[in-house]
Amino acid sequence: MVRLTSEYDEQRRGFEAGSLDEFTVEQALEYRHRGTADGRLALWREEHVRALLLEWLPRNVTVLPEEIEEHDAPGAVATLVEFLAASGLLDVRSDDPARLREVAELLRQAHAEAMEDPRFMRPAKFWMLTAARSGVDVRDERALGRFIADVRTGRVEYDEAALAKVMGNQFLGGLLGAGPDGHSLLEGRTLPLSVVDLGDEEALREAAAGVDILGQLAEVARWLGKEGRPLTKTGRLKTADALELACHLGTDRGLGAAAGPLKHLAGDGFDHIRRADQLPYLRLLVEWAREARLVRAYRGRLVAVAGARTVREDPLALAARALTALPALRDSLLIGPVWDVPSRLHPRFDLLLTDLLAALYGMPAGTPWPMLWRTVRAGHLDDDRWPGEGEDTYSPAELRVVLDLLVRTGVIAFERGPVDPSVLDGLRSLAAEDGSTGPAALLGADDPDGAAHLRELLRSCEGDDVELLRLTPLGTYAVRELLTSLGRSAPALGDLRTADATTLLATLFDEYDDQHTRTELAGWIEAAGGWDTARPALADALKRVRLHARRNGLLRMLVAELPDGYGPDLLRHLRTDPELAPSALFVGQEQAAEATLLADKATEHGPDGMEDMDDREYALAATESLLLMRELDGETGLLDAVGHTRADAETLTTMLRVAQTSGHPDISGLERLAAIDVAALRARSSHLGRLRADAARKRKSGSARKKGKRRKRR
């Protein structure tokens with residue numbers, strides 16, 4: 001028999017025995033889910049440990065004076081990471097668990113200080129700690145109420161300076177953080193992105209080569225030559241040089257009529273030029289080349305970046321670099337609108353544009369422009385509106401100018417036609433709800449007129465002539481580069497062709513849909529040298545996963561998605577593996593039962609060769625089922641699965657006895673099954689059942705009495 005690693009046994013026993021701060025572990029997982037952009041629970045790096053200990057826990061957890069000795073957040077997060085590593089769940093992109101424990105210990109004192117720091121307190125936490133330090137039992141509502149009354153009458157001493165900081169932060173919206181210059185270490189959660197097929201790179205490169213604006217950006221660097229051109233004290237090209245470059249690039253052919261309210265982007269006039277600022281479209285191109293790191297200022301001159309030569313000569317790389325730089329160009333794009341009114345798009349332009357492109361990324365059908373604008377406005381602009389202010393008609397026109405620039409960059413395409421039925425069905429569902437939560441809120445449906453806005457949006461998206469946006473294949477490639485430069489996961493087919501089997505399985509299971517999983521597996525097997533090489537690598541990866549639910553889930557995915565009949569072959573092969581046989585038998589039985597149900601009749605042979613299982617294999621599969629139920633639902637879950645009668649209890653006792661002689665490799669799991677007292681478990685379950693029934697009867701009788709009183713009053 002194969003015994004699980006002693007490290008995993010010790011970690012799991014520690015969790016089950018309650019020897020660590022479970023609440024802190026829950027908060028750590030909550031932080032990774034809500035306080036980070038990717039939300040990956042199993043990916044831990046030094047920056048995550050730092051943000052958790054120095055900001056998330058201080059903001060969200062109150063530790064009373066008598067709980068300080070029990071509060072071991074550094075130990076809890078280190079133990080969590082070590083458990084994930086021992087169980088085979090830790091993301092391979094994580095830092096070394098030993099290093100993370102060292103970092104957590106180094107931050108112990110800083111964490112203790114942050115827990116007392118007014119910067120991270122809300123008023124409730126401040127007064128709770130003040131009450132506890134004054135000897136008040138904060139768990140006693142009456143005592144806490146008396147304390148609040150004493151505060152209001154001035155009979156309680158408290159730190160007025162600390163309270164001033166707490167209230168100041170409250171009005172600032174919690175902008176102060178533990179990072180450099182007071183910036184927050186926490187991030188907003190971003191939505192997961194679809195897996196995309198990037199297509200043929202040569203076709204994309206050919207498409208990029210035909211984009212005029214990309215050629216203009218590269219030409220800025222070529223025009224500078226080896227020596228570059230001098231800059232004024234304000235960092236601008238001299239007027240003569242600017243006019244020469246504008247004529248060379250043809251900046252009089254700007255966006256033309258498409259510039260709309262941003263008239264400074266319509267195109268440059270070359271007559272009566274006295275300052276470089278009179279060439280705003282040239283300014284856009286030069287600043288764009290700077291942000292794309294094609295040119296830079298050096299010793300008072302504008303020079304080409306030597307290391308960017310390969311990017312300038314590769315149209316596809318240039319397209320990706322240009323789009324990545326575009327969100328930083330809010331001044332060149334948005335300053336100078338009609339009426340000299342600052343654009344509402346300006347303050348959050350970088351986030352707004354990135355979110356807009358992310359919303360289009362991976363969409364299988366065109367997105368209606370009315371819906372896209374509504375999403376942008378609700379997410380980035382509604383907070384800037386004054387109460388009672390009318391509908392903003394100016395910002396959408398400005399955004400359309402930016403989108404037209406993206407059209408000319410080859411990133412997006414406008415088309416007209418009917419909206420995809422799936423999009424319309426989604427809008428109809430949202431319009432039928434109250435819209436206060438979920439996707440409806442992203443469309444601004446949580447405002448007082450939200451339902452009406454959704455119905456209006458739905459009407460604008462019905463018909464056969466709706467304006468739709470979509471990313472071009474070149475745009476999909478470039479947007480992916482933009483998103484990955486911001487640290488977001490943007491998976492694409494082929495990414496995992498050279499990955500190790502452990503990374504492959506974890507990524508496919510957590511991030512890919514069925515269709516893309518099947519395609520990626522086929523490519524990975526081909527890159528590995530064929531099935532005979534891939535099969536043992538997959539088996540070794542499965543052995544690294546110690547949790548029964550996770551291992552069985554991965555195996556179930558492989559059986560369903562492996563191409564060319566490799567799934568059943570993998571099951572047959574794993575039946576002979578001492579460590580993986582229980583999982584293979586259990587999943588194989590599931591597959592056979594599912595096939596029987598789908599066929600609506602009994603089959604003579606199971607689809608995966610499970611028809612010839614012997615008694616030993618049946619015992620292994622049954623034991624795997626018991627271990628899985630205990631892992632997911634605890635001991636009570638085992639009893640619930642078989643029933644609560646005396647006969648059911650006897651059946652469970654027999655199953656547990658069979659498990660002990662099954663030869664299952666999880667010896668520590670068998671030890672836990674052997675420790676189950678079925679009689680005591682049934683008695684406890686029966687007692688809890690009676691308590692619940694009594695409570696239900698009391699609620700029912702109370703409700704009946706209230707109804708009787710109402711009838712008497714009537």
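These figures come from a predicted structure and were not determined experimentally. (Residues numbered from 1 in each chain as written. Predicted model: local features only at pLDDT ≥ 70, side-chain atom pairs only at ≥ 80, totals over all residues. Heavy atoms only, no water.)

Draft legend 1. Just the packing of aromatic side chains, in detail. Counted by the stated rule, this structure contains five aromatic pairs. Taken together, the aromatic side chains of Tyr31, Trp44 and Trp56 make up a single cluster linked through ring pairs. Lying across the ring of Trp44, Arg32 places its NZ or CZ 6.0 Å from the centre. Against the face of Trp223 rests Arg229, its NZ or CZ located 4.0 Å from the ring centre. (Phe/Tyr/Trp six-rings, centres within 6.5 Å; stacked < 30°, edge-to-face > 60°. Lys NZ or Arg CZ within 6 Å of the ring centre and 35° of its normal.)

Draft legend 2. Molecular detail of the environment of Ala328. Considering the arrangement of structural elements, one finds Ala328 in the loop between helix H15 (315-325) and helix H16 (330-334). When its relative accessible area of 45% is taken as the criterion, Ala328 is described as partly exposed. Sequence separation between Ala328 and Glu291 is 37 residues, and the spatial gap between their C-alpha atoms is 7.2 Å. (Helix = DSSP H or I, 4+ residues; strand = E, 2+ residues; numbered from the N terminus. Buried < 20%, exposed > 50% of the residue type's maximum accessible area, 1.4 Å probe, protein only.)

Draft legend 3. A look at the side chain of Lys125. Looking at the secondary structure, you find Lys125 in helix H7 (residues 123-133). A distance of 2.7 Å separates a polar side-chain atom of Lys125 from the backbone oxygen of Pro58. What Lys125 contacts, discounting residues up to four positions off in sequence, is Pro58, Val61, Thr62 and Met115. (Polar contact = N/O pair within 3.5 Å; in protein donor to acceptor, adjacent residues only side chain to side chain. Contact = heavy atoms within 4.5 Å.)

Draft legend 4. Examining the pairing of strand S3 (residues 301-304) more closely. Examined bridge by bridge, strand S1 (residues 229-230) and S3 share two bridges and lie antiparallel to one another. Considered in S3, the bridge of Arg229 is made with Leu302. Hairpin remark: strand S2 (residues 295-298) followed by S3, antiparallel, with two residues in the connecting loop; positive phi at Arg299, about 55°. (Pairing = 2+ DSSP bridges.)

Draft legend 5. A look at the sheet that holds strand S6 (residues 466-471). Pairing in this open sheet of three strands is antiparallel, and the strands run S4-S6-S5 from one edge to the other. The open sheet has two free edges, formed respectively by strand S4 (367-368) and strand S5 (412-417), since each of these has just one partner strand. As paired strands, S5 and S6 are joined by six bridges and run antiparallel to one another. Opposite Ile412, over in S6, you have Leu471 as the bridge partner.

Draft legend 6. Main features of the packing of helix H3 (residues 46-60) against helix H6 (residues 108-115). H6 packs onto H3 with a crossing angle of 25° between their chain directions and a minimal axis gap of 9 Å. As the angle between them shows, H3 and H6 are arranged roughly parallel. Our pair here, H3 against H6, has a crossing hand that is right-handed. In contact with Leu53, Leu54, Leu57 and Pro58 of H3, H6 contributes Ala110, His111, Ala114 and Met115. (Axes fitted to C-alpha atoms, helices over the stretch in contact; angles between N-to-C directions. Parallel < 35°, antiparallel > 145°, perpendicular 65-115°, else oblique. Left-handed = near helix turned anticlockwise from the far one by under 90°.)

Draft legend 7. Inspection of helix H12 (residues 239-249) at higher detail. Those residues of H12 not exposed but buried are Asp241, Ala242, Leu245, Ala246 and Leu249. Along the axis of H12, the buried residues cluster in a sector spanning 135°; they form a single face. Those residues of H12 that are buried lie in contact with helix H11 (212-224), S1 and helix H13 (280-291). With its phi angle positive at about 75°, Gly250 sits one or two positions after the end of H12. (Arc of directions from axis to C-beta.)

Draft legend 8. Spatial organisation of the environment of Trp223. One can find Trp223 in helix H11. Classification of Trp223 as buried rests on a relative accessible area of 11%. The spatial distance from the C-alpha of Trp223 to the C-alpha of Val303 is 9.6 Å, given a sequence separation of 80 residues. The contact partners of Trp223, leaving out residues within four places of it in the chain, are Arg229, Leu237, Asp241, Glu244, Leu245 and His248. A distance of 3.2 Å separates a polar atom in the side chain of Trp223 from a polar atom in the side chain of Glu244.

Draft legend 9. Up close: the side chain of Arg535. As for its position among the elements, Arg535 is in helix H26 (residues 531-543). Looking at Arg535, its side chain comes within polar contact range of the side chain of Asp569, at 2.9 Å. Once residues within four sequence positions are removed from consideration, Arg535 is found in contact with Asp569, Leu570 and His573.

Draft legend 10. Geometry of the sheet that holds S3. Read from one edge to the other, the open sheet built from three strands follows the order S1-S3-S2, with strand pairing classed as antiparallel. Each end of this open sheet is capped by a strand with a single partner; those strands are S1 and S2. Across the face of the sheet, H13 comes into contact with S2 and S3 while running at roughly 85° to S2.

Draft legend 11. Structural context of helix H5 (residues 97-106). Along H5, the residues classified as buried are Pro97, Leu100, Val103 and Ala104. Summarising the axial view, the buried residues of H5 lie within an arc of 115°, below the 170-degree limit, and thus occupy one face. For H5, exposure combined with an orientation more than 90 degrees from the buried face picks out Ala98 and Leu106. Looking at the buried side of H5, the elements it contacts are H3, helix H4 (73-86) and H6. Taking the backbone nitrogen of Ala98 as reference, a side-chain oxygen 3.1 Å away marks Asp96 as the first, capping residue of H5.

Draft legend 12. Up close: the packing of helix H24 (residues 501-511) against helix H25 (residues 514-528). Contact geometry of H24 with H25 gives a least axis separation of 11 Å together with a crossing angle of 170°. Considering their axes alone, H24 and H25 lie roughly antiparallel with respect to each other. For the pair H24 and H25, contact is made by Ala501, Leu504 and Leu508 and by Thr517, Glu520, Leu521 and Trp524, respectively. Taken together, the residues of the contact of H24 with H25 sort by class into five nonpolar, one polar and one charged. (Nonpolar A, V, L, I, M, F, W, Y, C, P; charged D, E, K, R; others polar.)

Draft legend 13. Molecular detail of the pattern of salt bridges. Counted according to the given criterion, the structure contains 40 salt bridges. Between Arg416 and Asp465 there is a salt bridge, with the nearest N and O atoms lying 2.9 Å from each other. Linking Arg416 in strand S5 with Asp465 in the loop between helix H22 (450-461) and S6, this pair joins segments that are 49 residues apart in sequence. Both residues of the pair, Arg416 and Asp465, belong to the exposed class. Connected through shared salt-bridge partners, Arg32, Asp38, Arg40, Asp91, Arg93 and Glu511 make up one network. (Salt bridge = Lys/Arg side-chain N within 4 Å of Asp/Glu carboxyl O.)

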